[in-house]
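# Residue-level structural notes
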Amino acid sequence: MPHPCQTCGACCARFRVAFHWSETTAYAETGMPAELTEPLDAHRVSMRGTDSRTPHCINLVGAVGSAVGCAHYARRPSPCRDLGAAWEFGEPSPQCDRARAAYGLAPLTVETWRSRLTGMPPDA
Ligand code: SF4
Ligand code: SF4
């Protein structure tokens, strides 16, 4: 069973992804390519496509709710690293829930992860 984020991507197409410019290649070679960001204010940039009323990160590949990926996953900025999938590590994630709800996707539950671990369907 794929990781639930690989068939979701809702948070990459729901929120503005803003972070300090030092997380880009303007500061560190290993950062997010600066050309994929745009200035937000004196100290912050946002991922292109996310500072919008209909956000959709430029790095998001695939269709939300289907097979998705991040074109620069290893370089993703701190907001992306910090937004956890609900209950993956035993904690709720209201942002995850809100993003999924916006796309008509059911919230992840403890059972989602248990069934992934055991290979048994959630209602077994
Ligand atoms: S909304 Fe939740 S499940 Fe979907 S990609 Fe983001 S963290 Fe993963
Ligand atoms: S950088 Fe990657 S993980 Fe972050 S919002 Fe964009 S597609 Fe999603």
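Shown above is the structure to which this text applies.
Below or above, wherever it landed, is the structure these notes cover. Predicted, not measured: the structure shown is a model, and the values here were computed from it.

The next subject is helix α3 (residues 110-118). Listing the buried residues of α3 in full gives Thr112, Trp113 and Ser115. Considered in projection along α3, the buried side chains sweep an arc of 165° and stay on one side of the axis. Positioned one or two residues after α3, Gly119 has a phi angle of 80°, which is positive.

What follows covers the pairing of strand β3 (residues 44-47). Pairing of strand β1 (residues 18-20) with β3 involves three bridges; the strand directions are antiparallel. Across the sheet, the residue bridging to Phe19 is Val45, located in β3. Pairing geometry for strand β2 (residues 37-39) and β3, over three bridges, is antiparallel. Counted as the bridge partner of Thr37 is Met47 from β3. Where β2 folds back onto β3 in an antiparallel hairpin, the turn is made up of four residues.

Our focus in this paragraph is the site of ligand 2. The environment of ligand 2 is made up of Cys12, Val17, Cys57, Asn59, Leu60, Cys70 and Cys80. Tallied by class, the residues present in the shell around ligand 2 amount to six nonpolar, one polar and no charged.

A separate point is unusual backbone geometry. Positive phi, normally seen in glycine, also occurs at Trp87, with a value near 70°. Assignment of secondary structure puts Trp87 in the loop between α1 (78-82) and α2 (94-102). On the accessibility criterion, Trp87 (30% relative accessible area) is partly exposed.

Glancing now at the packing of aromatic side chains. Enumeration over the complete set of coordinates arrives at one aromatic pair. With a centroid separation of 5.8 Å and 85° between ring planes, the pair formed by Trp21 and Tyr27 is classed as edge-to-face. A relative accessible area of 35% means that Trp21 is categorised as partly exposed. Assessed through its relative accessible area of 59%, Tyr27 is described here as exposed. Directly above the aromatic system of Tyr73 lies the positively charged group of Arg76, at a separation of 3.8 Å from the ring centroid.

Attention now goes to the environment of Thr7. Structurally, the position occupied by Thr7 is in the segment before β1. Separated by 44 residues in the primary sequence, Thr7 and Asp51 have C-alpha atoms spaced 23 Å apart. With residues near it in sequence (within four places) discarded, Thr7 still touches Pro2, Gly65, Ser66 and Val68.

Before going further, it helps to spend a moment on the pattern of salt bridges. Any two side chains of opposite charge can pair, on the condition that their charged atoms come close. Summed over all chains, the structure comprises four salt bridges. We note a salt bridge from Arg48 to Glu38, for which the minimum N-O separation is 3.4 Å. Linking Arg48 in the loop between β3 and β4 (60-62) with Glu38 in strand β2, this pair joins segments that are 10 residues apart in sequence. The class for Arg48 is partly exposed, based on a relative accessible area of 32%. Judged by relative accessible area, Glu38 falls into the partly exposed class, the value being 24%. Close ionic contact of Glu111 with Arg114 constitutes a salt bridge, the shortest N to O distance being 3.0 Å. Note that Glu111 and Arg114 are positioned in helix α3 at a spacing of three residues, about one turn of the helix. We classify Arg114 as partly exposed; its relative accessible area is 46%.

Quick notes on the rules
Residues numbered from 1 in each chain as written. Chains lettered and ligands numbered in written order. Predicted model: local features only at pLDDT ≥ 70, side-chain atom pairs only at ≥ 80, totals over all residues. Heavy atoms only, no water. Buried < 20%, exposed > 50% of the residue type's maximum accessible area, 1.4 Å probe, protein only. Helix = DSSP H or I, 4+ residues; strand = E, 2+ residues; numbered from the N terminus. Arc of directions from axis to C-beta. Pairing = 2+ DSSP bridges. Near = heavy atom within 4 Å. Nonpolar A, V, L, I, M, F, W, Y, C, P; charged D, E, K, R; others polar. Phe/Tyr/Trp six-rings, centres within 6.5 Å; stacked < 30°, edge-to-face > 60°. Lys NZ or Arg CZ within 6 Å of the ring centre and 35° of its normal. Contact = heavy atoms within 4.5 Å. Salt bridge = Lys/Arg side-chain N within 4 Å of Asp/Glu carboxyl O.

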